[in-house]
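Reading the structure
For reference, the chains in residue letters:
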Amino acid sequence: MESIKKQIFVVEDDEKLRRTLEAFLTASGYGVLTASDGEEALNLYFSNNQRIDLILLDGMLPKIDGFDVLKRIREYSDVPIIMLTAREAEEDQLEGLESGADNYITKPFLLRVLKAHMEALLRRRPNGTDQTLRRGALKIEPDAHRVWLNGSLLTLTPKEYDLLIYFIQHENMVLSREMILDAVWGFDYEGGSRTVDTVVKQLRKKMTDAYPYIQSLYGVGYQFEVNEHDETP
């Protein structure tokens, strides 16, 4: 049986380097996903996080800085991340490592050296990345589609699960019903935005009033927010 390719997410704004990395990694037997700025990187990551095995992340990106992308991803996952950046200062390297990067490689670099660092990280995680998400009292196991609330397993419908994941991926963002409907149900869904209200109501009931993470914004939509005192240690 053919082994499943490891998926590498390359986030690099320099088109020449991005294409070089994509060609090299593809030739080395990896699957490759790419992004050219920080905003695209976060959108693609949260849409594909269950199949990404390692991230090569440029430190200097348009729209959202690479170090901020790193911090955002680290709130949800410990997927291996190697920073690739021209910022050689010791302070920058410390910032990257302290923010959760597994390795920090300065440009220019040798492709075979980068590959050796990647393989070392991937060997530590032979079964892929641990995609368990934790927000407040919630623990989500995406591979198994299981959600735990304060240690108790929640029984969610597929759409309730998808909605909860969408909220978590867009934590603290104000989301209109139309945005939620398009993202969770699809652009071709013929139902109205009241469908969102119905599933939100079901989800809130299962999460109980003790965990009011999904807030209603009158006339606007919803916002997922975990209070600081509810954060897991």
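Right, let's walk through the structure included here. (Residues numbered from 1 in each chain as written. Predicted model: local features only at pLDDT ≥ 70, side-chain atom pairs only at ≥ 80, totals over all residues. Heavy atoms only, no water.)

Counting 53 residues, the largest nonpolar core has I55, L138 and I180 as the members making the most contacts within it. One finds L21, F24, I82 and L84 within the second-largest nonpolar core, a separate group that totals 17 residues. (Core = buried A, V, L, I, M, F, W, Y, C linked by side-chain atoms within 4.5 Å. Buried < 20%, exposed > 50% of the residue type's maximum accessible area, 1.4 Å probe, protein only.)

This brings us to the sheet that holds strand β7 (residues 138-141). If you trace the four strands from one edge of the open sheet to the other, you get β6-β7-β8-β9, paired in antiparallel fashion. Lying at the two open borders of the sheet, with one neighbouring strand each, are β6 (133-135) and β9 (152-154). On average, each strand axis in the sheet is inclined to that of its neighbour by 25°, with strand direction left out of account. Taken together, the three bridges between β6 and β7 define a ladder with antiparallel strand orientation. (Pairing = 2+ DSSP bridges. Helix = DSSP H or I, 4+ residues; strand = E, 2+ residues; numbered from the N terminus. Axes fitted to C-alpha atoms, helices over the stretch in contact; angles between N-to-C directions.)

With that out of the way, let us pick up the pattern of salt bridges. Opposite charge on two side chains permits them to pair, given that their charged atoms come into close proximity. Applying the stated criterion across every chain, the model contains twelve salt bridges. Note that E119 is salt-bridged to K115, the shortest N-O span being 3.9 Å. Highlighted residues: E119 and K115, both in helix α5 (residues 111-123), separated by four residues, approximately one helical turn. Take E119: its relative accessible area is 30%, and that puts it in the partly exposed class. Exposure remark for K115: the relative accessible area of 24% places this residue in the partly exposed category. Put simply, E141 and R146 hold a salt bridge, and the shortest N to O gap is 2.9 Å. Three or more residues are tied together by salt bridges with common partners; here these are E12, D58 and K107. (Salt bridge = Lys/Arg side-chain N within 4 Å of Asp/Glu carboxyl O.)

That's the geometry; what it means functionally is another story.
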